[in-house]
Amino acid sequence: MNFAVLQFPGSNCDQDCVHVLKNVLGQSAKLVWHKDTSLGEVDAVLVPGGFSYGDYLRTGSIARFSPVMQAVQQFAANGGHVLGICNGFQILCEAGLLPGALVRNRSLQFRCEQVYLKTVTKNSPFTNQVADGKLMRVPIAHGEGCYFADEETLAKMNANGQVLWQYCDVNGNLTDDANPNGSLQNIAGVCNEAKNVAGLMPHPERASEAILGGDDGKAIFESLIHALQNKGAAKAA
Amino acid sequence: MKAKIIITPKKAVLDPQGQTVERALAHMGYQGVGKVHVGKYLEIEVEGDKATLEKQLDEACHKFLSNPVIEDYKLEIVD
Amino acid sequence: MKAKIIITPKKAVLDPQGQTVERALAHMGYQGVGKVHVGKYLEIEVEGDKATLEKQLDEACHKFLSNPVIEDYKLEIVD
Amino acid sequence: MSDPAITPELVKKHNLTPEEFARAVDILGREPNYTELGIFSVMWSEHCSYKNTRPVLKGFPTKSPKILVGAGEENAGVIDIGDGLAIAFKIESHNHPSAVEPFQGAATGVGGIIRDIFTMGARPVCALNSLRFGELKSAEVRHLFSGVVEGIAHYGNCFGIPTVGGEVYFDDCYAGNPLVNAFCLGVLRHEQIARGAAKGIGNPVFYVGPATGRDGLAGAAFASQDLTDESSEQQRGAVQVGDPFMEKLVMEAVLELLATDAVTGIQDMGAAGLTCSTCETAARAGTGIEIELDKVPQRAPGMSSYEIMLSESQERMLVIVKKGREAEVQRIFDKWDLPWSEVGAVTDTGRMVVRHHGVVVADIPASKLTDDAPLYHRESKEPAYLQVVRAFTIDQIPTLSNPTENLKSLLSWPSIASKNWVYRQYDHMVRDGSVVCPGSDAAVVRIKGDSLPMLPADSTKNNDAVPEKFIAMSVDCNATYVYLDPYEGGKIAVAEAARNLACSGATPLGSTDNLNFGNPHNPELFYQLKESVRGVAEGCTVFNAPVTGGNVSLYNQNPQGAVDPTPTVAMVGLIEKAEHITTQWFKDEGDAIILLGDLVDAGDQLQGLGGSAYLKVVHGMKTGTPPKCDLQKEKQVHEAILALIYSGDVKSAHDCSEGGLAVAVAESCISGYPARNTPRLIGASLDLSAFDKARLDAILFGEAQGRIVLSVAQVNAVKVVERAKLLGVSATIIGSVGGTDLTIKAGGQDLKWALSEMHDGWWNSIARAMK
Ligand SMILES: Nc1ncnc2c1ncn2[C@@H]1O[C@H](COP(=O)(O)OP(=O)(O)O)[C@@H](O)[C@H]1O
Ligand SMILES: [Mg+2]
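Residues numbered from 1 in each chain as written. Chains lettered and ligands numbered in written order. Predicted model: local features only at pLDDT ≥ 70, side-chain atom pairs only at ≥ 80, totals over all residues. Heavy atoms only, no water.

It is worth spelling out the overall build of chain B at this point. Assigned secondary structure in chain B consists of two helices and three strands. Relative to the 2.2 N^0.38 estimate, which gives 12 Å for 79 residues, the radius of gyration of chain B is 16 Å and therefore markedly larger than a compact globule would have. Out of the 79 residues belonging to chain B, those deemed buried represent 44%. Counted over contacts in chain B with a minimum sequence separation of 6, partners at least 24 positions apart contribute 69%. (Helix = DSSP H or I, 4+ residues; strand = E, 2+ residues; numbered from the N terminus. Rg over C-alpha atoms; globule rule 2.2 N^0.38 Å. Buried < 20%, exposed > 50% of the residue type's maximum accessible area, 1.4 Å probe, protein only. Contact = heavy atoms within 4.5 Å.)

Right, let's get into the overall build of chain A. Across its full length, chain A carries five helices and 11 strands. For a compact globule of 237 residues, the expected C-alpha radius of gyration is about 18 Å, and chain A comes in at 16 Å, within 12% of that figure. In terms of its C-alpha atoms, chain A occupies a principal-axis envelope of roughly 45 × 40 × 40 Å. For chain A, the residues scored as buried account for 67% of the 237 residues in total. If you take every contact in chain A between residues at least 6 apart in sequence, the share linking residues at least 24 apart comes to 76%. For chain A, the centre of its 18 positive side-chain charges and the centre of its 22 negative side-chain charges are spaced 3 Å apart. (Lys, Arg positive; Asp, Glu negative; His and termini not counted. Charge placed at Lys NZ, Arg CZ, Asp CG, Glu CD.)

This part covers the coordination of the magnesium ion (ligand 2). All names here are of chain D. For the magnesium ion (ligand 2), the full set of protein donor atoms is D441 (OD), N500 (OD1) and D655 (OD), at a range of 2.1 to 2.3 Å. In primary-sequence terms, the residues that donate to the magnesium ion (ligand 2) follow D-x58-N-x154-D. Placement of D441 in the loop between β14 (434–436) and β15 (443–447) and of D655 in strand β23 (residues 650–655) is noted, with a sequence separation of 214 residues between them. D655 matches D441 in its accessibility class, with the two residues each being buried. (Donors = N, O, S within 2.8 Å, 3.2 Å for Na, K, Ca; no water.)

Residue and element names in this part refer to chain D. Strand order in the open sheet formed by seven strands is β8-β10-β7-β11-β9-β12-β13, and the pairing between neighbours is mixed. Since the sheet does not close on itself, it has two edges, and those belong to β8 (263–268) and β13 (359–365), each with one partner. Averaged over all neighbouring strand pairs, the angle between strand axes comes to 20°, with direction disregarded. Sheet topology places strand β12 (residues 351–356) next to β13; six bridges connect them, and they run antiparallel. (Pairing = 2+ DSSP bridges. Axes fitted to C-alpha atoms, helices over the stretch in contact; angles between N-to-C directions.)

A few words now on the interface of chain A and chain D. Accessible area lost upon the coming together of the parts serves often as the stated size of an interface. Facing the 37 residues of chain A at the interface are 37 residues of chain D. Buried area between chain A and chain D, summed over both chains or domains, comes out near 3100 Å², and the portion from carbon and sulfur atoms is 55%. Our count for the contact surface shared by chain A and chain D stands at four salt bridges. For the salt bridge of R206(A) with D427(D), the shortest nitrogen-to-oxygen distance reads 2.9 Å. (Buried area = accessible area lost by both parts, 1.4 Å probe. Salt bridge = Lys/Arg side-chain N within 4 Å of Asp/Glu carboxyl O.)

The next thing to look at is the site of ligand 1. Residue and element names in this part refer to chain D. In the vicinity of ligand 1 there are 18 residues, among which N129, G439, S440, D441 and D476 approach most closely. At 2.7 Å from an oxygen atom of ligand 1 is found a main-chain nitrogen or oxygen belonging to G439. Protein contacts shield 89% of the accessible area of ligand 1, which totals 550 Å² for the unbound molecule. If you list the elements that add at least two residues to the shell around ligand 1, you get β5 (163–170), α18 (420–423) and α20 (486–504). Top element by residues in the shell around ligand 1 is β5. It accounts for four residues. Its residues placed into classes, the shell around ligand 1 shows five nonpolar, seven polar and six charged. (Near = heavy atom within 4 Å. Polar contact = N/O pair within 3.5 Å; in protein donor to acceptor, adjacent residues only side chain to side chain. Areas by Shrake-Rupley, 256 points an atom, 1.4 Å probe, with all protein chains shown as cover. Nonpolar A, V, L, I, M, F, W, Y, C, P; charged D, E, K, R; others polar.)

This part covers the interface of chain B and chain A. At the junction of the two partners, chain B supplies 16 residues and chain A supplies 16 residues. Between chain B and chain A, a total of about 1400 Å² is buried, with carbon and sulfur atoms accounting for 71% of that surface. Joining chain B to chain A, the criterion identifies five residue pairs in polar contact (both at pLDDT 80 or more). Contributing elements (two or more residues each) for the side of chain B that touches chain A: α1 (16–27), β2 (33–46) and α2 (50–65) of chain B.

Across the sheet, six strands lie side by side as β3(B)-β1(B)-β2(B)-β2(C)-β1(C)-β3(C); this open sheet has antiparallel pairing. Every interior strand has two partners, whereas the edge strands, β3 (71–78) of chain B together with β3 (71–78) of chain C, have only one. Pairwise comparison of adjacent strand axes, ignoring direction, gives a mean angle of 20° for this sheet. Note that β2(B) and strand β2 (residues 33–46) of chain C share 11 bridges and pair antiparallel. When the bridges of β2(C) are listed, V46(B) appears paired with V33(C). Sheet contacts for α2(B): β1 (2–9), β2 and β3 of chain B; angle to β3(B), the most-contacted strand, approximately 160°. Taken strand by strand, helix α1 (residues 16–27) of chain C contacts β2 of chain B together with β2 of chain C, and its axis lies near 125° from that of β2(C).

Residue and element names in this part refer to chain D. In a regular helix each residue adds 1.5 Å, so 19 residues correspond to 27 Å; α20 covers 27 Å between its end C-alpha atoms and thus fits that length. For α20, the buried fraction is high: 19 of the 19 residues fall into the buried class. Phi turns positive, to about 100°, at G505, one or two residues after α20. (Expected span 1.5 Å × (residues − 1).)

With that out of the way, let us pick up the packing of aromatic side chains. In total, this model carries 17 aromatic pairs over all chains according to the counting rule given. Members of the aromatic cluster, each reached through a chain of ring pairs, are F133(D), F145(D), F170(D) and W421(D). The side chain of K335(D) reaches across the aromatic face of W33(A), ending 5.0 Å from its centre. For the cation-ring pair, K622(D) lies above Y483(D), with the distance from its terminal atom to the ring centre recorded as 5.4 Å. (Phe/Tyr/Trp six-rings, centres within 6.5 Å; stacked < 30°, edge-to-face > 60°. Lys NZ or Arg CZ within 6 Å of the ring centre and 35° of its normal.)

Let us now look at unusual backbone geometry. Even without glycine at this site, L57(A) takes up a positive phi of about 70°. The topology assignment puts L57(A) in the loop between β3 (44–47) and α2 (67–77). The class for L57(A) is buried, based on a relative accessible area of 7%. Unlike most non-glycine residues, D83(D) shows phi in positive territory, near 55°. As for its position among the elements, D83(D) is in the loop between β2 (77–82) and β3 (85–93).

Over its 12 residues, α1(C) extends 16 Å from the first C-alpha to the last, a length consistent with the 16 Å expected when each residue adds 1.5 Å. Packed against the buried residues of α1(C) are β2 and α2 of chain B, β2 of chain C together with α11 (244–258) of chain D. Looking one or two residues beyond α1(C), the residue adopting positive phi is G29(C), at roughly 90°.

Residue and element names in this part refer to chain D. If you trace the backbone, Q705 turns up in the loop between α25 (696–701) and β27 (708–712). A distance of 3.0 Å separates the side chain of Q705 from the backbone oxygen of E703, its partner in a polar contact. Among residues more than four places away in sequence, those in contact with Q705 are Y481, I492, R499, P627, K628, C629 and E634.

Locating V663(D) in the fold gives a position in helix α24 (residues 660–670). When the C-alpha positions of V663(D) and F701(D) are compared, they lie 7.3 Å apart, and in sequence the two are 38 residues distant.

The subject of this paragraph is the confidence of the model for chain B. Residue and element names in this part refer to chain B. Mean pLDDT over chain B works out to 94, with 100% of the residues at or above the 70 mark. No element of chain B has a lower mean pLDDT than α1, at 91, and none a higher one than β1, at 97. Taken together, the chains of this predicted complex give a pTM of 0.96 and an interface ipTM of 0.95. (pLDDT = per-residue confidence, 0-100.)

All names here are of chain D. The contact between helix α2 (residues 18–28) and helix α3 (residues 34–43) brings their axes to 11 Å, and the two run at 120°. Classified by the angle their axes make, α2 and α3 are oblique. Viewed along their axes, α2 and α3 form a crossing whose handedness is right-handed. For the pair formed by α2 and α3, the contact residues are F21, A24, I27 and L28 on the first element and E36, L37 and F40 on the second. (Parallel < 35°, antiparallel > 145°, perpendicular 65-115°, else oblique. Left-handed = near helix turned anticlockwise from the far one by under 90°.)

Have a look at this one:
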C-alpha cells in the first residue's frame, strides 16, 4: 500500500511512522510537506505525532489550516483512510474530522510511559486485526491527551461504535488509575461516524518492534493494511 | 487599536489548572478565595475599521483562536 | 466578587507563542493585524473586604501566580 | 544615547582586571570603546576563555585512533563508530540561568547543547541531563526542581529528541546553586563533519534564526561570577526564552543546507552570541570577518551595537556560504520559513570588524580575542576540612540497630529513589531508537538510517543500507566522594560511568565532562578542581574513554558557600550486538545471583562506609574517607562482565553504587517496569553469612567500588563464577531470584523486606515530596 505521512513544521514522529511502515511492514510510504496542496496517489494518510507549529496556542490548532490539510479533508470526504497519532489525533479533532477535543493532562504534566489499551470494537479499519480480548501495551508521550466531548456526542459515539481504544489496567479494567491523562471514559482513541478516520494518543509506531520492548502496536497498522487490501479487492471485483 | 481576547474553558471541561491554583491559594492561607478558572489572554495590535475588524476577529476567534468544543471567548476592541 | 488577573509576557522577553499566532493570522489572510501577545487569564471567585483582597491577591500574583522574572500582571476586582 | 566613558569602574563591572584591560589596550594600540570593552569582557570570561582552567584541562587524555574531531577543536568532539559512521556528543551547564529562572534556564540549556551538536553536521538523536538541587523539604528547592525538569521536558519534547537518561542528586550544598548539565548526542557520516571556520575570502556570512533581542545580555560574563542577590536582580528582564519549535526548524534547515555543499563554515550563537561566533570562526580559519549590524534582524527598536553584539537570543546560527551559492541557501531558509539575513563577509585582514549605522564600532584582531586570552595558574591549597574528614573512624557510629528500616530509608531517600517523577515528564522514546529507557544502569539507543543527516539528493549513498548500531551512555558523579577526597572522587565518577556502560554490555568510546565548582580564586576550591580533574583524567585514560570536550562552570557559590565539587562525567560506549544489551532487573525465578568484586575492601578501614549514603541518611553525617578506587581492578571487573555478557549467560547486571549491595539487589528486584502502575516485582534471597570479617552495616550498605550484581540461570552459575575467576575477578554466588520478598541472611540475622513495601518508598518518594 502507499501511505502518505504528513510533515508539518514541528512534526517529530514523521520519520518513525515512515520507518515502521517501510522497514517493519514492507509498505511504501512517503513524506508529504505541509505546503503541498495534493497528496498524490495514496491509499491512506498518516498524521504523525510531534509539536506542529510548536503546539502554540492549542495543540493542532494551526496545522489544521495548512494547505495539505485541505487535501486531507477532501481525501477523507471521499472515503479515504486517515489515521492520526498523538499530535495527529489532536490535529484531526481540531479540523473537525474527528469528534471531541484533547485538553491538558489532569496531572498538568507531560507523561511518557507504557500503557495498556483495550480495543473496544474490532469492527473498524483500524482494529480488525487485533486479536480477540488482546490488551495492547503501547507507549504514550503527551501533555495534552485528556479526551473531551460533550455528553450528547459521547452517547452518539458509543452507540455508533466510534470509541476504538480505552486505557485499562493489566487485567483490562477501565480504572481511574489506568487513565494517564483524565480522558472521559478512559478514551485513548476514536473514529468518525463513517469509520474511515481515526485518531489515538498512544504511539503504535513506537510499539512495533520487539527490540523496542514489544510489537503490540503493529496490529493497528496491520488492520489498516488489511482494510485497504479488502477495499482494493472490492474495487477490482 | 488593540483587540483583547479572553478564552476560558467551558464549564463542563476539566480545568486542572484552575483546581491547582485554587488548592495552592487555600494552602498558602489566602482567605475568601473560591473557584478559580484559568484561561488564555490574547492581545492583538490591530488597525483599520473597527466594525470590519470586529467581524474578522470574531471569525478568527471562532475558527482558530478558540476551540468551541472546549472553550468560550470574549472579544473586545479598544483604542 | 471576582478577581480577574491578566498575565502577559514582559515586552523585552521573547514570546514565541505570540509570534507563531501572528504568523498564522497573517497566513490566513487577516488584514490589519499587528503584533500578538499571548498570556494567561485567571478568574477567581472571591469574598470579603475588597481592599484586603486586593492586597492579598496582589501578593499572590507577585509571589506565585505570575513569574515576575518574565511576566507582568494586571489585577482587577469587580463586583 | 551615547556610549558611556571607559572608566576603571566600568572595566571592573565588566569583570576585567586592570591587567586584562591593559592587555586589551595593548592589542588594540588604543583604548577600547564601549562595544569593544563588552566584546573583550565576554570573550575573556571564564565561560568562553577557560582562563583559569586551561592549564588543568591539559591533563585530560584527548587522543585515540577513533577520534575524528578532538577536544577544543570545534563545538563538540566526533568519534568513529565504524562503517563510516560517527557520533558527536557533549555536555554543557546552564547553572546560573537556571538559578534565576529554572524553567527557561534549563530549557535554553537543552537548546544550547542541541545546537552544538547539529553545528557539527550531526543529527541530534538523544539527550541526557545531570541535575543537582538542595533538599526537597524547602519550597524554594521544589520550585527550582520542578521548574528545571519542566523546562528540560518542554524543550526536548517539543524539539523531538528523546531524553533517555540522567541523574539527580539532592544535597544542601546546592540549595541556592542548582546544577543543570545537559548532554546531547548526534550521529553523522564521516564526510558530513561540518567546521566552524570562516574560510574563503569574500564569502558571504549569513545569519539565520529569530531576531536578536536584549536577551541574556552578557550571559557568559554572568556565568563567571558568584551568585548574589544583586546579580539575580540584574539578570531580570534579560532572561532568555527558548523556542524549541524554532530550533527544530533551524536544525532541519541547517542539515538540509549542509547536504548541498554550499557551506564552508557554520557556528551556533551560544554564549556571547554574535561576538563569539564571528571572532571564533575567523580565528579558526586565520581570516578576518566584517559584519554590519544594521542587517542583523532585531526584535526591539533602538538596540545599540553593544547590545546586539552581546545578546544571547536563542536559536540563532552563523553560516559562511560559498560565494555564488547564496540563492540555494535562501531557498532552504525560505522553505523552512526562517528569518535570515546576509550580514557580512569573510576578509583577509585577520580582524573582526563591526559596523553599525555606517560607523565602525569594533575593530579587533580576531585571533587575539580567542588565542591570546589571559591564562592563570591559580594557587591551590589542600582544604583544612580534609583533616577532619580523614580522622573519622568507623567506631564513631553505633553498629546497626534496625537494618530493615535502614534499607527502606535508603531506598526512599530522594538521591537513591527512582527518578520516574522526572523522566516520565520527558519523551524518552521519540525517534524509535530507545532500546533501554531510563531506569536501568545505562541508556541504550539504536542508530539506524533515519538517525543520520540527509545526503545530497544525487549521492549514490542514498540507497545504501545503514547498519544498525547500539550506543550506550551514562552520566555520573558522586560529589560527596569528590568533596571528601577530590582525587579518588574524580576517579570514581569515571569508574561509575564506565561500570554502568559495562553492565549494559558496552565498551567505552569516549567521554565528556562538566566541571561544576566554586570560585577558582579560593585556593582550597581550586585544589578540589585540580585534584578531581587529575582523578577524572586518570580514569578516562584507564578505561580508554578519552575526553572529547566538555564544559567548565565555576563560581557556583553564594554567600552560604560553594557547592560540593562536581565533575560530572558522561561516558558513551558501543554495544557490538543487539543480544549483548543487558538491563539491571532480575528476569526469572530460580536464577542464581552472583556478586562480581569483593564484598568488602579489605584495605579500607571504613569498610566502604566513608562518605556513604548510609552515613548520610541513617547517621546524618557527611564525612569519612570515601572508598578507594583501584582503576586496574575496576577495569578487570568491567572486562569480566563484558566477557560474561558476550558468552550469553548474563540475564541481568547492575552495578553497586550509593547504598551498596543491599540497595543494588533491592533495585534489581523492583526496577522492572513494563507499564504504568504495573511494576514487575521479583524477590530474592541472599545468604551473606559467610562474610564475617565486616560489620553488618558495612556488608549491607558499604560502597566498596568495582562491584556488580548479576543474575544467571542456575545451571550456569558455577561456570560463570569460574570464568570470572579466570579473568582475575572475585565472584561469589550470593543467592537466588524468586518469591515475593527480599531476604538476606547476614551477621547472624535473618532480614526480610516485602517487595511491595520497598517498591512503594523507592518509586513514590520524590512524587510525594513534590505534592
Ligand atoms: N534527570 C534524569 N533524566 C532522565 N533519567 C534519569 C534522570 N535521573 C535518573 N535517571 C534514570 O534513572 C536511572 C537511575 O539513575 P541513577 O540512580 O543515577 O543510576 P546509577 O546509580 O546506576 O547511575 C537511570 O536509568 C537514569 O538514567
Ligand atoms: Mg548504576
